[in-house]
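Listed below are the residues making up each chain.
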Amino acid sequence: MVNLGHTRQLSVLAALLVEPNRPVGADQLVDRVWGEHPPRRGRQVLYGYLSRLRATLAEVPELAIVRRSTGYVLSVDEDLIDLYRFRRLVAAAGAAEDDAGALRLFEEALVLWRGPAIPDLDSPWFTAVKAELEAELRAAELDRTDVALRRGQHAEVLADLTTQAARHPLDERLAGQLMLALYRSGRQADALQHYQRLRAVLADQLGTDPNPSLQQLYQRILTADPGLDRPASALTTAHVTPRQLPPPPAWFAGRISELTALDAALEGGAAEANTVVISALAGGGGIGKTWLALHWAHTHVDRFPDGQLFVDLRGFSPGSDPMNPLTAVRGFLDALGIDPTTVSGGLDEHTARFRSCIAGKRMLVLLDNAADADQLIPLLPGTPSCVVIMTSRTVLTPLLTRHSARHLNLDVLTETEAHAAFAQRLGNARVAVEPNAVAELVELCGRYPLALAVMASRALAHPHLPLADFATELRQAGLDALDDADPATSVSAVLSWSLRELTRRQYMMFVLLSTAPGSEIGLPAAASLADLSVPEARVVLRRLVDSSLVDRRARDRYAMHDLIRDYAGTLAQQLPDEVRESALLRVLNFYTHTAHAADRLLHPYRDEIALEPPVPGVRLQPLPDTAAALEWFDIEYPALQAAEHIAGGHGWQRLVWHLAWAQDTFRYRRGHRHDQLRAWQAALDAVANLPDPAKRVLVHQNLGDAYAALGHLQDGIGHLHQALALAEQQDDARKQADTHRMLARAWEEREDDRRALEHATEALELYRALSQPAWEAEALNLVGWYTARLGEYDRARDHCRAALTLHLQHDDTEGAAATLDSLGYIEHHSGHGRRAVDHYQRSLGLYRDLGHTYGAASTLDSLGHPLVRVGEHDGARAVWREALELFRQQGRDEDAGRVWRQLDALESEPQERAGDEFSVSVDP
């Protein structure tokens, strides 16, 4: 005897034994062994068990646990496992040509059961497996009894049938066998009495009558039908080859990657030959799941010579509930030619009979439009010769984890596939005449297969109308244009069927997502929108994702297809105004407060502004450091822009102003100057009605700075002078200093370095008087910079070195980067090329660390000049090419043009002149 360890360790081995010679992933094993209560560090505990089992099984040459890239495999001859020998023998008995052979095989199979299956293992997975195995055993026992009764062995089976009937009082198939055995044993009254007892129990507990075949048997016993006195002739499964596939779709285009994946699953399953190949197609209503499944099935029909079974499970169909799986399996048995009088009992017995009938056969089972995994599992074959394709709007997780189904999520068609779909329906000639109209139809339909089919069918029905007319209708009417009298081809109706099983929370999340700013949303923002905790929102969103109503993307982000979003938007309009507005306020508060927190991390020396507490229900996103803050801004920037637009449209003026302020540092670093200008223009209108005059100073400052940065110098200087006048009226020296600093930069843009120096010097004196060392450093750098531009390099160097010392003392990385850039300029123009390169490279490194692509672009441009001077022409080309790309991304066309000319001149001018030819001014 080999000691396999304690129960949990034995559970690991049992989980592998149930599916031998097939890889089982570590996460699957943890789920199977512990269910919803895994131990801490569950994987490490599992690895310990596996290690001990492998060592123990080293003494058993027939068994080995092998680790593969896809999981752990129990390598064993399946004929050594009782369960698989049992299944092989039962399958052989079902296919036997005579009852004597069948009975012998059944008895050989049943003797392998020496007790309960996998006792003492109690996780949910093991409980489900035990139930399935017990159902297999019961079906085999009943099949064996049928054969024995046909052979006239009613006396031999009567005692066991009596015992089994007491254990399973509702089993109608068993009741029929007992009644027949009793009648043939001369006990007609007992047989009739047993029927009456069963009928009373069924009526009392289930509210139903015995099935028709049992009622017919009762009548035959009641009338002493002579046909019951002798055993029936050997009943064998009729040799019926079902061909149940509906016709293939008349039009089918694209889906190359999905068809390839289905082919790969088929070939992979054939190579493994030890498990049923199950492909689960998931996707929204109208995405083309059934068409894909049917197209593939008809293309590969020759691979399934023993037949193809098909059922529409009506999981998402109008006017009907999902099909009972018992109804579906009965339909399969009927298609397989099984006499219904030989099958009674409940779902488990029917499923076991179905699996026995198709065991070893090369068949395709296509299960379409499933509601959930519970509806599907009883319809799965039990042997690997069969292939299953199932479709559902829901991601069927239990099938992925318990049955290793291969999941395939369908998305919209590619642009090429969508054009091909139109051409296939309308003909290449008609499509070629109006390529622009076809392109617009594809775009307006969002490449959604059902929408494309609806519009193509309408165009096909009206060949005299130009395609542009249909594009115009769709552009103007939106989702309404895709409605149809037939619910099966109405996009809104098809999508509505996906909502039937949603809870109130799930429905509200789905509807409110259509109102959220941006094309996608993060988890904390969605939680704020729906007034849920973050864990609650995650669960709700997972359900929407599983229902193919929402797409999940990287970093816990979620999005809707445009058509689904439009549909949800129509439902949102039915909500009370206060519900919609409260949700919008929560999500806009989320963006505003999180953006403020992120800005504080990016620019800690910036003055704080007063921010009201968030409204109830907001779930702020924690940001631990500057890298996280910058990443959050990059990801959420489209949503933040949309939030500004929504806030303005609703007249929420404080939010407009706060959102402009909170994004200013990020926009400056990323070079979003045009967005910066638009935001401050909106903020100026917003603060006009706010009581705090200090906000007007800040808006004029930032609006002036944004205008000047884009070359609108008259507007920029005008707003800055308004800011300065307001700051003087309020006797606010700090705001005066800030305004002088911004005026210096504006006058620099007008190439008036002397006036710029005057403003920078004024700012420096004010900052010093206020004891603001961080801002004093900023002003010192500006004074040094303008002094250098005026040719006084030694004085400029002193100011910039003093600025650098202060910046480093206060850990102001951005200020240090700008000052090193100034020192690079000073050294380059002082003739110290190598020192200039060193300063610029240090500056560039700091800008990169900050994610400050705007400053990095300017420094890259500047760095090229001293590199040329010291003869490093390849290095100059590299930095200018990178600067050119960044300038183009940031819309800095004038800078991009200048760098392009520098690169062109570097290729064409003599090397010794290049360094003197290129002299450009660079912002500090």
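Every chain's residues receive numbers from 1 upward, in the order its sequence appears when written. With pLDDT at 70 or above as the cut-off, local features in this predicted model cover only qualifying residues; side-chain atom pairs require 80 or more to be listed or tallied, and sums for whole chains, interfaces and linings still use all residues. Calculation of side-chain values draws on the structure's entire complement of heavy atoms; hydrogens and water are dropped beforehand.

Novice: Would you mind going over the nonpolar core with me for this structure?
Specialist: One broad trend across soluble globular proteins is that nonpolar side chains are buried collectively. Residues enter a nonpolar core if they are buried and are Ala, Val, Leu, Ile, Met, Phe, Trp, Tyr or Cys, with the set joined through side-chain atoms within 4.5 Å. Working definition: with a 1.4 Å probe on protein chains only, accessible area under 20% of the residue-type maximum means buried, over 50% means exposed, and in between means partly exposed. Of all hydrophobic cores here, the largest spans 111 residues; its most connected members are Phe422, Met509, Phe510, Ile521 and Tyr591. Among the elements that line this core, the one with the most residues is helix H28 (residues 626-649), at 11 residues. Contacts between residues were defined by any pair of non-hydrogen atoms, one from each residue, lying within 4.5 Å. Once residues lying within four places of it in the same chain are set aside, the contact partners of methionine 509 are Ala526, Ala530, Leu532, Ala537, Val540, Leu541 and Leu544. By size, the runner-up hydrophobic cluster in this structure holds 60 residues, among which are Ala796, Ala817, Leu820 and Ala876. Strands are runs of DSSP state E lasting at least two residues, helices are runs of H or I lasting at least four, and both sets are numbered from the N terminus onward.

Novice: Mind showing me how you'd approach the sheet that holds strand E10 (residues 557-559) here?
Specialist: By definition, the strands of a sheet pair up through backbone hydrogen bonds, in either a parallel or an antiparallel sense. Think of it this way: DSSP has to see at least two bridges between two strands before they count as a pair. Taken together, 3 strands build an open sheet; the order of strands is E8-E10-E9 and the sheet is antiparallel. Each having just a single partner strand, strand E8 (520-522) and strand E9 (551-553) make up the two edges of the open sheet. Taking the axes of each pair of neighbouring strands and ignoring which way they run, one obtains an average angle of 30° across the sheet. Bridge analysis of E8 against E10 gives 3 bridges, and the strand direction is antiparallel. Considered in E10, the bridge of glutamate 520 is made with alanine 559. Axis lines are fitted through C-alpha atoms, for helices just across the contact stretch, and the angle between N-to-C directions can take any value from 0 to 180 degrees.

Novice: How should I be thinking about the pattern of salt bridges in this particular structure?
Specialist: Should the charged atoms of two oppositely charged side chains come close, the side chains can pair. Salt bridge criterion: a side-chain nitrogen from Lys or Arg within 4 Å of a carboxyl oxygen from Asp or Glu. Tallied over the entire structure, the rule returns 47 salt bridges. One salt bridge in this structure joins glutamate 644 and arginine 667, with 2.7 Å as the shortest N-O distance. A residue pair is termed long-range when its members are at least 10 positions apart, and glutamate 644 in helix H28 and arginine 667 in helix H30 (residues 664-670) qualify at 23 residues. Note on arginine 667: relative accessible area 1%, which makes it buried.

Novice: Could you clarify how one ought to interpret the sheet that holds strand E4 (residues 308-312) in this entry?
Specialist: With parallel pairing, 5 strands are arranged side by side in an open sheet as E4-E5-E6-E3-E7. Sheet topology places E4 and strand E7 (406-409) at the edges, where each strand pairs with a single neighbour. Each strand axis lies, on average, 15° off the axis of its neighbour in the sheet, ignoring direction. The pairing of E4 with strand E5 (residues 364-370) spans 5 bridges and is classified as parallel. Residue pairing across strands places leucine 309 opposite valine 365, the latter belonging to E5. With respect to the sheet, helix H13 (residues 325-335) is in contact with E4 and E5, its orientation differing from that of E4 by roughly 150°.

Novice: How should I be thinking about the packing of helix H4 (residues 82-95) against helix H6 (residues 124-150) in this particular structure?
Specialist: Helix-helix packing is described using two parameters, namely the angle between the two axes and the distance between the axes. Following both chains from N to C, one finds H4 and H6 inclined at 35°, their axes separated by 12 Å at the closest point. Helix-helix and strand crossings are classified by hand; for H4 and H6 the assignment is left-handed. Residues Leu83, Phe86, Arg87 and Val90 of H4 form the contact with H6, whose own contacting residues are Leu133, Glu136, Leu137 and Ala140. When residue character is reported, Ala, Val, Leu, Ile, Met, Phe, Trp, Tyr, Cys and Pro are called nonpolar, Asp, Glu, Lys and Arg charged, and the others, Gly included, polar. Partitioning the contact of H4 with H6 into residue classes produces 6 nonpolar, no polar and 2 charged. Should the near helix be turned counterclockwise from the far one by less than a right angle, the crossing is left-handed, whereas a clockwise turn marks it as right-handed.

Novice: What is the right way to look at the packing of aromatic side chains in this model?
Specialist: Here a ring pair, both rings aromatic, is described through the centre-centre distance and the interplanar angle of the planes. When the centres of two rings from Phe, Tyr and Trp lie within 6.5 Å, Trp using its six-membered ring, the rings pair. Their planes under 30 degrees apart give stacked, over 60 give edge-to-face, and anything left gives tilted. Here the structure, examined in full by the defined rule, presents 16 aromatic pairs. Taking 6.4 Å as the distance between ring centres and 55° as the angle between the ring planes, the aromatic pair formed by tryptophan 296 and phenylalanine 304 counts as tilted. The exposure classification of tryptophan 296 matches that of phenylalanine 304, with both residues buried. With 5.5 Å between their ring centres and 65° between their planes, tryptophan 632 and phenylalanine 633 make a pair best called edge-to-face. Phenylalanine 633 shares its class with tryptophan 632; the two are buried. Members of the aromatic cluster, each reached through a chain of ring pairs, are Phe590, Tyr591, Trp632, Phe633, Tyr637 and Phe666. In this arrangement the basic side chain of arginine 755 is found over the ring face of tryptophan 747, its NZ or CZ atom lying 4.3 Å from the centre. Note on geometry: a ring has a charge over it if NZ (lysine) or CZ (arginine) is within 6 Å of the ring centre and within 35 degrees of the ring normal. One Lys or Arg, arginine 892, reaches over the ring of tyrosine 854 and ends 3.7 Å from the middle of that ring.

Novice: Explain the confidence of the model for the protein here, please?
Specialist: Should pLDDT be low for a region, the predicted coordinates there are not to be read in detail. Confidence scores per residue from the predictor, reported as pLDDT, run from 0 to 100. Within the protein, residue pLDDT values average 84, and 93% of them lie at 70 or more. Considering each helix and strand of the protein separately, the mean pLDDT is smallest for helix H43 (residues 911-917), with a value of 42, and largest for helix H24 (residues 523-530), with 95. Here residues 232-238 scores under 50 on pLDDT; set against residues more than four positions off or in separate chains, the count is 15 contacts. Every residue in residues 911-924 is under pLDDT 50, and counting partners more than four places away or in other chains gives 39 contacts.

Novice: What is the right way to read the side chain of glutamine 375 from this model?
Specialist: Among the secondary structure elements, glutamine 375 is positioned in helix H15 (residues 373-376). Residue classification places glutamine 375 among the buried positions, given a relative accessible area of 4%. N or O atoms closer than or at 3.5 Å make up a polar contact, with two conditions inside protein: a donor-capable atom paired with an acceptor-capable one, and, for residues adjacent in sequence, both atoms drawn from side chains. Of the polar contacts made by the side chain of glutamine 375, one reaches the backbone oxygen of leucine 313; its length is 2.9 Å. Engagement of the side chain of glutamine 375 in a polar contact is seen with the backbone oxygen of methionine 323, the distance being 2.8 Å. For glutamine 375, the contacting residues outside a window of four places in its chain are Leu313, Pro322, Met323, Pro325 and Ala370.

Novice: How should I be thinking about helix H42 (residues 893-908) in this particular structure?
Specialist: Side chains of residues three or four places apart in an α-helix project in the same direction, reflecting 3.6 residues per turn. Working rule for helices: expected span equals 1.5 Å times residues minus one. With 16 residues, H42 ought to run about 22 Å at 1.5 Å a step, and its terminal C-alpha atoms sit 23 Å apart, in line with that. Those residues of H42 that sit buried are Asp895, Ala896, Arg898, Val899, Gln902, Leu903, Ala905 and Leu906.

Novice: Is there a simple way to think about helix H33 (residues 713-729) in this case?
Specialist: An ideal rise of 1.5 Å per residue puts 24 Å on 17 residues; H33 measures up with 24 Å between its terminal C-alpha atoms. Of all the residues in H33, the buried ones are Leu713, Gly716, Ile717, His719, Leu720, Ala723, Leu724 and Ala727. Seen along its axis, H33 keeps its buried residues to an arc of 160°; they face one direction. Along H33, the residues that are exposed and aim more than 90 degrees away from the buried face are Gln714 and Gln729. Elements that come into contact with the buried residues of H33 comprise helix H31 (673-687), helix H32 (693-709) and helix H34 (733-749). A positive backbone phi angle near 55° is found at aspartate 731, which sits one or two residues after H33. Working note: the arc is built from the helix axis to C-beta atom directions.

Novice: How should I be thinking about the environment of leucine 441 in this particular structure?
Specialist: Among the secondary structure elements, leucine 441 is positioned in helix H19 (residues 435-444). A relative accessible area of 2% places leucine 441 in the buried class. For leucine 441 and arginine 475, which are 34 residues apart along the polypeptide, the C-alpha to C-alpha distance reads 8.6 Å. For leucine 441, the residues in contact, after removing those within four places along its chain, are Phe422, Met455, Leu467, Phe470, Ala471 and Leu474.

Novice: Where do I start with a negative patch on the surface in this structure?
Specialist: Here a patch means residues that are over 30% exposed by relative accessible area and free of salt bridges, tied together within 9 Å if like-charged and within 5 Å if nonpolar (Val, Leu, Ile, Met, Phe, Trp, Tyr). Every accessible area reported is derived by Shrake-Rupley at a probe size of 1.4 Å, with residue values counting cover from the shown protein chains alone. The charged-residue count follows a simple rule in which Lys and Arg add positive charge and Asp and Glu add negative charge, with His and chain termini not counted at all. The atom standing in for a charge is NZ when the residue is Lys, CZ when it is Arg, CG when it is Asp and CD when it is Glu. On the surface, a cluster of negative charge is made up of Asp321, Asp372, Asp374 and Glu501. Structurally, glutamate 501 is set in the loop between helix H22 (491-496) and helix H23 (504-513).

Novice: Help me out: how do you make sense of unusual backbone geometry in this one?
Specialist: Glycine aside, the phi torsion of most residues is negative, and most peptide linkages are trans. The phi angle at alanine 224 is positive, at roughly 55°, despite the residue not being glycine. Within the chain, aspartate 531 stands out as a residue other than glycine whose phi angle is a positive 60°. In this fold, aspartate 531 is placed in the loop between H24 and helix H25 (534-546).

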